[in-house]
Amino acid sequence: MAMTEQPHTQSDASTKIRNAAIEGLKFAGLLLALSIPILVLRIDSDIDHRPFLAVRWQLPLWIAGIGFLVRFVTLALTSDAPKKASTPWNLSPNTTRYLSYGGIALLALYPVIALALVGPAGSIKWIDNFGIQVMIYVMLGWGLNIVVGLAGLLDLGYVAFYAVGAYSYALLATVVLPKYAPFLMPWAFWICLPLAGLLAALWGIILGLPVLRLRGDYLAIVTLAFGEIIRLILINWDVVTSGYAGISGIPRPSFFGLPFTASDNGFAATFGLEFTPLHRTIFLFYVILALA
Amino acid sequence: MEYFVQQLINGLTLGSIYGLIAIGYTMVFGIIGMVNFAHGDVFMLSTFIALIILMILLPIISTSMAAVIFALVVVLILGMVLTGLWNWAIERIAYRPLRGSFRLAPLISAIGMSIFLSNFVQVVQGPTNKSLNALIDGGFCLATDVAAKSCLFHTKSSFGVTIAYKQLLIMVITALLLAAFWYLVQRTPLGRAQRACEQDSKMARLLGIDVDRTISVTFVMGAALAAVAGVMYLIQYGIVGFSDGFVPGVKAFTAAVLGGIGSLPGAVLGGLIIGLIESLWSAYFTIDYKDVAAFSILAVTLIFLPSGILGRPEVEKV
């Protein structure tokens with residue numbers, strides 16, 4: 001039995017390798033054909049701004065070579081048996097609950113861990129750049145999950161509301177509040193935060209009412225168009241938004257009225273702590289966490 | 001009046017370019033019901049390919065008029081072939097594996113492809129805008145106030161009206177290509193197969209039509225038209241950058257929807273309307289908000305007139 005089987009499988013394996021090689025060569029040829037004009041020749045300009053073509057031969061050859069190897073190896077190593085349909089991770093409800101509790105606990109402890117590991121000077125990078133950034137994305141992801149995940153509407157203009165919120169906060173805190181209610185300035189963050197949310201929600205209603213007559217692809221495109229419209233208006237409406245220059249001097253958040261500054265009535269002095277900008281970032285981190 | 005006529009001519013030129021891109025959208029949407037979001041970036045890529053080929057041919061071009069025409073023909077053919085190959089590969093890699101997946105998967109994949117293409121060109125060709133000296137100079141003078149100039153009409157207004165040869169060329173080529181593709185879709189076996197797939201791909205497959213191949217051919221045809229539009233764009237504006245694909249792409253999609261998606265003449269009609277609106281808007285209102293105008297038209301059309309001007313009302317397939 002074994003004697004008769006042997007040559008058969010061997011020829012099978014060799015044809016398979018040959019086929020894989022042919023497929024790999026085809027793929028490499030395609031990559032070469034695709035990349036030759038646009039990769040080999042690069043439009044450059046010399047010192048007098050006269051355009052000329054810079055030539056580089058190696059790059060497409062490397063790409064084609066790598067493409068051949070990848071295609072050859074994947075084809076030669078995969079079995080001919082029909083692929084099993086991949087099943088999504090089947091987590092029991094309990095596991096998911098533990099995972100989300102664990103995630104929240106990790107997030108809550110994150111500033112403490114960062115402080116303990118790299119000290120106050122090093123951890124500002126980790127909390128400010130990464131921690132708060134991550135939390136902002138978490139918030140965005142939450143909102144998008146409501147629209148796309150729960151309602152099933154692919155909204156490509158979702159960031160427009162992010163922009164509306166940011167600009168509402170900035171304009172309210174730098175223009176409206178100082179003019180009409182300057183005594184409220186220490187509380188600027190706490191007043192403008194819900195207002196910005198309300199304004200963004202209002203815009204969501206204004207844009208949502210007409211748009212929700214559509215479904216599927218058209219909905220995606222219309223929301224994309226609205227996102228672009230809002231972006232273009234924000235860039236071009238110089239009088240209000242100061243265009244590309246943006247708005248600066250936006251009031252920082254305060255600890256319920258106490259500013260995070262080095263002054264005598266600041267947060268650090270009131271609680272008898274040494275001043276560091278870290279307090280503000282840590283505080284902001286927990287604000288976002290609480291909101292989420 | 002002269003100003004208006006001049007803007008009309010500019011708008012028709014711009015509209016022809018949008019119309020050529022819009023045909024690619026309309027054909028792909030008609031056959032697989034998918035918004036090929038990367039089409040605008042395929043157009044941008046084709047412009048780069050055309051620019052590179054033109055720069056290779058630059059030594060010949062300066063010799064004579066016949067050489068310029070020869071170079072244009074070479075650029076058109078090579079550009080169509082290469083861009084077609086690109087779009088074929090994109091369809092194979094990014095869209096075909098997702099066919100039969102949930103409805104929005106190809107759209108999301110196309111958005112990814114669009115981002116990939118513009119970043120690919122940015123990395124490979126550099127982020128600066130690339131320019132080209134004007135290939136075709138001069139034009140017909142339609143109206144002027146300069147007495148010495150030979151012209152069709154003489155006016156008192158300080159605005160002259162000229163139609164550049166390149167604008168004429170763009171409009172003529174658009175008209176010719178529309179006629180050719182209209183014939184291809186309506187009268188040839190290939191076009192019949194395409195229309196069959198559009199109506200009912202399962203039935204078409206039962207009748208022995210290679211649906212996959214037909215779809216590939218559709219993508220290649222759309223890309224070829226985008227390549228022509230790319231060459232025209234290069235002739236008209238002489239400048240291109242890696243990020244120039246998105247906005248013309250969205251405007252061309254607007255044109256396709258406005259004209260009635262799935263209809264070839266509708267796409268060109270929509271393109272002309274969008275081009276006219278854009279140039280008249282820039283001329284009489286403000287140039288800052290011309291893209292806002294185009295996007296607003298897109299939104300309003302999709303919401304209130306989803307079947308377009310020449311399209312047939314369709315039962316919503318969700």
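Keep in mind that what you see is a predicted model, and the values were worked out from it rather than measured.

Draft legend 1. Inspection of the packing of helix H9 (residues 246–259) of chain B against helix H11 (residues 290–304) of chain B at higher detail. Residue and element names in this part refer to chain B. Across the interface, H9 lies against H11 with an axial gap of 9 Å and an inter-helix angle of 35°. Crossing geometry of H9 relative to H11 is assigned as left-handed. Taken together, the residues of H11 that come into contact with H9 (itself represented by Val247, Val250, Lys251, Phe253, Thr254, Val257 and Leu258) are Asp291, Ala294, Phe295, Ile297, Leu298, Thr301 and Leu302. Taken together, the residues of the contact of H9 with H11 break down into 10 nonpolar, 2 polar and 2 charged.

Draft legend 2. The arrangement of the packing of helix H3 (residues 65–95) of chain B against helix H8 (residues 211–237) of chain B in detail. All names here are of chain B. Their axes nearest at 7 Å, the elements H3 and H8 cross at an angle of 135°. Between H3 and H8, the angle falls in the class oblique. Crossing handedness for the pair H3 and H8: right-handed. Residues Leu72, Val75, Leu76, Gly79, Met80, Thr83, Gly84, Asn87, Trp88, Glu91 and Tyr95 of H3 lie in contact with H8, whose contacting residues are Ile215, Ser216, Phe219, Val220, Ala223, Ala224, Ala227, Val228, Val231, Met232 and Ile235.

Draft legend 3. Here's a closer look at H9 of chain B. Residues and elements named next belong to chain B. Across its 14 residues, H9 extends 20 Å between first and last C-alpha, which sits within 8% of the 20 Å expected from 1.5 Å per residue. Within H9, 12 of the 14 residues are buried, leaving the element largely enclosed by the surrounding structure. Phi turns positive, to about 105°, at glycine 260, one or two residues after H9.

Draft legend 4. Molecular detail of helix H4 (residues 158–180) of chain A. Residue and element names in this part refer to chain A. For H4, with 23 residues, the first-to-last C-alpha span of 31 Å sits near the 33 Å given by 1.5 Å per residue. The axis of H4 is deflected most strongly, by about 40°, at leucine 172. Every buried residue of H4 is listed here: Tyr158, Ala160, Phe161, Val164, Gly165, Ser168, Tyr169, Ala170, Leu172, Ala173 and Leu177.

Here is what the cut-offs are and how they apply
Residues numbered from 1 in each chain as written. Chains lettered and ligands numbered in written order. Predicted model: local features only at pLDDT ≥ 70, side-chain atom pairs only at ≥ 80, totals over all residues. Heavy atoms only, no water. Axes fitted to C-alpha atoms, helices over the stretch in contact; angles between N-to-C directions. Helix = DSSP H or I, 4+ residues; strand = E, 2+ residues; numbered from the N terminus. Left-handed = near helix turned anticlockwise from the far one by under 90°. Contact = heavy atoms within 4.5 Å. Nonpolar A, V, L, I, M, F, W, Y, C, P; charged D, E, K, R; others polar. Parallel < 35°, antiparallel > 145°, perpendicular 65-115°, else oblique. Expected span 1.5 Å × (residues − 1). Buried < 20%, exposed > 50% of the residue type's maximum accessible area, 1.4 Å probe, protein only. Bend = angle between axes of the 7 residues up to and from the residue.

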